[in-house]
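Reading the structure
Take a look at the letters that make up each chain.
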Amino acid sequence: MLRIAVMVSGGGTNLQAIIDGVKDGTITNTEIVGVISNNRNAYALKRAEENGIPSLCVSPKDYETREIFNEKLLEAVDGLQPDLIVLAGFLVVIPPAMIQRYRNRMINIHPSLIPSFCGKGYYGLKVHEAALARGVKVVGATVHFVDEGTDTGPIILQKAVEVEQGDTPEVLQRRVMEQAEWKILPRAIDLIANGRVRVEGNKTVID
Ligand code: GAR
């Protein structure tokens, strides 16, 4: 069984997709051992509670320095003894020590087709605003391993979604979630749980 820890900051619809995937057998060999949020008011925490999944909040607001917060966050993650960390809308800079310790064992969902609309400042709705401002006709989502850069790690899965006339950032965000994120994140976890993802340099090979 792959032990996964899911890290969240907000609504937790991707967390829900993972919970549903484990329940309905789309994701196999996987157990969600805990949910960690940096935000006490994240609706994602309610989703965890409703599904009997242990959850905790580690907020930077509760600590005097970023260093202390980083240590506490890593302690909380380690405490769950996860095989894989899933960043599911976790909007906090990952401590370097955590990246090192969980190299090739931490994945992130990003709401664009990397390398478009990614990197510093591109998160959540901002990604969709930028895509609409640029006038692209195809957007999408990416699941990738986390390395030291922002959205630069080896790509595992991507899925394209069409932009439609009259889209607002909110409408486009919802379509990208429904058609891409909620599909490729569970799929990536299932592939990893079944030993089908290999990292070779800055790329992955799916067996
Ligand atoms: C998702 O769209 C996810 O791709 C994005 O935040 C949203 C979280 O929604 N993540 C990023 O932008 C990371 N750079 P959720 O809480 O409903 O899953």
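This text goes with the structure placed above it.
Being a predicted model, the structure only gives us computed values, none of them experimental.

1. As for helix α2 (residues 43–50)
All buried positions along α2 are accounted for by Ala44, Leu45, Arg47 and Ala48. On an axial view of α2, the arc spanned by its buried residues comes to 155 degrees, and they lie on one face. Within α2, the exposed residues directed more than 90 degrees away from the buried face are Glu49 and Glu50. If you follow the buried residues of α2, they end up packed against β1 (2–8), α1 (13–24), β2 (30–37) and β3 (55–57).

2. A short note on the sheet that holds β3
Strand order in the open sheet made by the seven strands is β3-β2-β1-β4-β5-β6-β7, with mixed pairing throughout. What marks the edges here is a single partner per strand, and that holds for β3 and β7 (155–162). Direction aside, the axes of adjacent strands within the sheet are offset by 20 degrees on average. Sheet topology note: the β1/strand β4 (residues 84–87) ladder contains four bridges and is parallel. Across the sheet, Val6 pairs through a bridge with Val86, a residue of β4. Strands in contact with α2 are β1, β2 and β3; relative to β3, the strand with the most contacts, it is inclined by about 155 degrees. Against the sheet, helix α3 (residues 66–79) contacts β1, β2, β3 and β4, and its axis sits at roughly 160 degrees relative to β2.

3. Concerning the site of the ligand
Inspection of the region around the ligand gives 15 residues, with Gly12, Thr13, Asn14, Gly124 and Glu181 positioned closest. Gly12 has a polar backbone atom sitting 2.7 Å from an oxygen atom of the ligand. The contact in question runs from an oxygen atom of the ligand to an N or O atom on the side chain of Glu181, over 2.8 Å. Taking a 2 Å distance to the grid points as the criterion, the majority of the atoms of the ligand fall inside the largest pocket. Broken down by secondary-structure element, the contributors of at least two residues to the shell around the ligand are α1, β5 (106–110) and α6 (169–193).

Criteria and cut-off values
Residues numbered from 1 in each chain as written. Predicted model: local features only at pLDDT ≥ 70, side-chain atom pairs only at ≥ 80, totals over all residues. Heavy atoms only, no water. Buried < 20%, exposed > 50% of the residue type's maximum accessible area, 1.4 Å probe, protein only. Helix = DSSP H or I, 4+ residues; strand = E, 2+ residues; numbered from the N terminus. Arc of directions from axis to C-beta. Contact = heavy atoms within 4.5 Å. Pairing = 2+ DSSP bridges. Axes fitted to C-alpha atoms, helices over the stretch in contact; angles between N-to-C directions. Near = heavy atom within 4 Å. Polar contact = N/O pair within 3.5 Å; in protein donor to acceptor, adjacent residues only side chain to side chain. 1 Å grid on protein atoms, 1.4 Å probe; cavity = no way out; pocket = protein on both sides within 12 Å on 5 of 7 lines; lining within 4 Å. Sits in = over half its atoms within 2 Å of the grid points.

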